[in-house]
Amino acid sequence: SAPCCSLKLQRSLRGLSMSKLVNEVNPVVLREPEVAQAMWLDFESGLDDLPGGGRWLVSLAESGEVLPLPTITPVPLMQPWFVGVANVRGALFGIVDFSVWRGGAPTPRTAQSRLLLIGAHCALLVQRTWGLQTGSALQMLVSTDTNRAPWYGARMKNASSQGEWARLDCAALLTSPAFLKIWI
């Protein structure tokens, strides 16, 4: 069983909601011409059979830093995908396992695992980051899937490497009612 957080931490988290953790959403919306001018972070989370697949891109304009895993303190009575909180340079960040959020298995915590800071006080636990992709090498693919979540952006393809990714729309994720409900 995971160690319980201290009574002091439990008291400070009382009344906390994900909407407080992500109170500063970067409202960047990229249109197709802007894709070519953007830089994209390539990251892996979960298996290919999950919604969006295993490989994702997030615009550097929408995301924050990428960090090695700090100590994550579990918080009781949270959704299974909310793995806990971490101290990042003196600020408390809520940590969401992006694989579990999409219905997959928990992300293994290895030397390659990373935190992707996406809001004022929110981070995604991802399996690994692969580096940057230049927007000029990417093209948006046409999708007929009208049932996907708003945070699951367009599929993107790199013509030279034949790689394909799902685009993470951070602003849509951070304002999704299901994402904001961290309590059980």
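Residues numbered from 1 in each chain as written. Predicted model: local features only at pLDDT ≥ 70, side-chain atom pairs only at ≥ 80, totals over all residues. Heavy atoms only, no water.

A. Representation of the pairing of strand 1 (residues 39-44) in the model. By the criterion of burial, strand 1 is predominantly enclosed, with five of the six residues buried. Two strands pair when backbone bridges link them, and strand 1 and strand 8 (residues 128-134) are joined in this way by six bridges, in the antiparallel orientation. Counterpart to Phe-43 in the pairing with strand 8 is Thr-129. Where strand 1 lies against strand 2 (residues 55-59), five bridges are found, and the strand directions are antiparallel. For Trp-40, the partnering residue across the bridge sits in strand 2 and is Ser-59. (Buried < 20%, exposed > 50% of the residue type's maximum accessible area, 1.4 Å probe, protein only. Helix = DSSP H or I, 4+ residues; strand = E, 2+ residues; numbered from the N terminus. Pairing = 2+ DSSP bridges.)

B. A look at the sheet that holds strand 11 (residues 164-168). Spatial strand order, 8-1-2-11-10-9: six strands in an open sheet with mixed pairing. Single-partner strands in this sheet number two, and they are strand 8 and strand 9 (138-140). Averaged over all pairs of adjacent strands, the angle between their axes in this sheet comes to 35°, without regard to strand direction. Examined bridge by bridge, strand 10 (residues 152-158) and strand 11 share four bridges and lie antiparallel to one another. Of the residues in strand 11, the one forming a bridge with Met-156 is Trp-165. (Axes fitted to C-alpha atoms, helices over the stretch in contact; angles between N-to-C directions.)

C. Structural context of the packing of aromatic side chains. A complete count under the given rule lists nine aromatic pairs for this structure. With a centroid separation of 5.9 Å and 10° between ring planes, the pair formed by Trp-81 and Phe-179 is classed as stacked. With Trp-81 in the loop between strand 3 (66-68) and strand 4 (82-88) and Phe-179 in helix 6 (residues 177-180), this pair connects stretches of sequence that are 98 residues apart. Between Trp-101 and Phe-179 the ring centres are 5.3 Å apart and the planes differ by 85°, which places this aromatic pair in the edge-to-face class. Taken as a pair, Trp-101 in helix 4 (residues 98-101) and Phe-179 in helix 6 lie far apart in primary sequence, 78 residues in all. (Phe/Tyr/Trp six-rings, centres within 6.5 Å; stacked < 30°, edge-to-face > 60°.)

D. Just the pattern of salt bridges, in detail. This model, assessed by the stated rule, comprises five salt bridges. Notably, a salt bridge pairs Arg-167 with Glu-62, separated by 3.0 Å at the nearest N-O pair. Separated by 105 residues along the polypeptide, Arg-167 in strand 11 and Glu-62 in the loop between strand 2 and strand 3 bring together distant segments of the chain. Residue class for Arg-167 comes out buried when judged on its relative accessible area of 7%. Its salt-bridge partner being Glu-164, residue Arg-155 comes within 3.2 Å of it at the nearest N-O pair. (Salt bridge = Lys/Arg side-chain N within 4 Å of Asp/Glu carboxyl O.)

These figures come from the coordinates and say nothing about function on their own.
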